[in-house]
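Given next are the chains, with one letter for each unit.
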Amino acid sequence: MDKNDRKAALAAYKQRKITGGVFQIVNIKTGRRLLMSDADLKGSENRFRFSQMTGSCTYGRLTADWLRFGAEAFRFETLEELEKKEDQTDEAFREDLALLEEIWRERNRGETLY
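Procedures and definitions
Numbering of residues begins from 1 in every chain and follows the order in which that chain's sequence is written. In keeping with the model being predicted, local features are shown solely for residues with a pLDDT of at least 70 and side-chain atom pairs are shown and tallied solely at 80 or more, while totals for entire chains, interfaces and linings include all residues. Note that the side-chain values use all heavy atoms of the structure and ignore hydrogens as well as water. For the purposes of this entry, the term helix denotes a DSSP run of H or I that reaches at least four residues, the term strand denotes a run of E that reaches at least two, and both are numbered from the N terminus. Computation of the radius of gyration draws on C-alpha atoms alone. For the globule rule, the value is 2.2 Å times the number of residues to the power 0.38. In this scheme, a residue with accessible area under 20% of its type's maximum is buried, one over 50% is exposed, and one in between is partly exposed, where area comes from a 1.4 Å probe on protein chains only. Any two residues whose heavy atoms approach within 4.5 Å at even a single point are treated as in contact. All accessibility values rest on the Shrake-Rupley procedure with a 1.4 Å probe; residue burial counts only the protein chains present in the view. In this charge count, Lys and Arg are treated as positive and Asp and Glu as negative; neither His nor the chain ends contribute. A single reference atom marks each charge: NZ on Lys, CZ on Arg, CG on Asp, CD on Glu. A helix is expected to reach a length of 1.5 Å times the quantity of its residues less one. What qualifies as a polar contact is a pair of N or O atoms within 3.5 Å, subject to a donor-acceptor requirement within protein and to the restriction that residues adjacent in sequence count only when both atoms come from side chains. For patch detection, residues must exceed 30% relative accessible area and be free of salt bridges, and they are connected within 9 Å for like charges or within 5 Å for nonpolar side chains (Val, Leu, Ile, Met, Phe, Trp, Tyr). The salt bridge criterion pairs a side-chain nitrogen of Lys or Arg with a carboxyl oxygen of Asp or Glu, the two atoms within 4 Å.

**Q** Go over the overall build of the chain with me, naming the residues and quoting the values.
**A** Tallying secondary structure elements over the chain gives four helices and three strands in all. For the chain, the N- to C-terminal ordering of α and β elements is α-β-β-α-α-β-α. Taken over the C-alpha trace, the chain has a radius of gyration of 17 Å; the compact-globule value for 114 residues is 13 Å, which it surpasses by more than 25%. The C-alpha extent of the chain, read off along each of the three principal axes, is 55 × 35 × 15 Å. For the chain, buried positions account for 31% of its 114 residues. Once local pairs closer than 6 in sequence are excluded, the contacts in the chain between residues at least 24 apart make up 60%. Within the structure as shown, the chain displays about 7,700 Å² of accessible surface, and the carbon and sulfur contribution to it stands at 50%. Averaging the coordinates of the 21 positive side-chain charges in the chain and doing the same for the 21 negative ones gives two points 4 Å apart.

**Q** Give me the lowdown on helix H2 (residues 41–54), citing residues and values where you can.
**A** The end-to-end C-alpha separation of H2 is 20 Å, in line with the 20 Å expected for 14 residues at 1.5 Å each. Residues of H2 that are buried: Leu41, Gly43, Ser44, Glu45, Phe48 and Ser51. Gly55 occupies a position one or two residues after H2 and carries a positive phi of about 75°.

**Q** Now, about the side chain of Asn108: what can you tell me, with residues and values included?
**A** Position of Asn108 among the secondary structure elements: in the segment after helix H4 (90–107). Here the side chain of Asn108 touches Arg33 through a polar contact of 3.3 Å, side chain to side chain. If near-sequence neighbours (up to four positions away) are discounted, Asn108 is found in contact with Arg33 and Leu113.

**Q** Tell me about a negative patch on the surface, and please be specific about residues and values.
**A** A contiguous patch of negative charge, built from Glu81, Glu83, Glu86 and Asp87, is present on the exposed surface. Following the sequence through the fold, Glu86 ends up in the loop between strand E3 (74–83) and H4.

Structure (structure tokens):
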């Protein structure tokens, strides 16, 4: 890769849309759910898929059920996506995601959450 290709690749990377959001990991055996938010929604899904492939649980609150029911008893579900605005700081984006997660927690009050 020459210098111009690297510059173009770097510019494209910096221009990409950043999508965060709220997601849940559902235990399909019990119905319990782990509700979370992340600034990199696709990265969260990829980490979950990797955990399933390797059989290792990276979510502490799920460990007991993960060991009891197995990785195949869990699924990843996106609840809501939020795109980072061009002029938005990383901190402001994380704050918006935390607020969005809190709204989802309020909607699910009384549900069986981890």
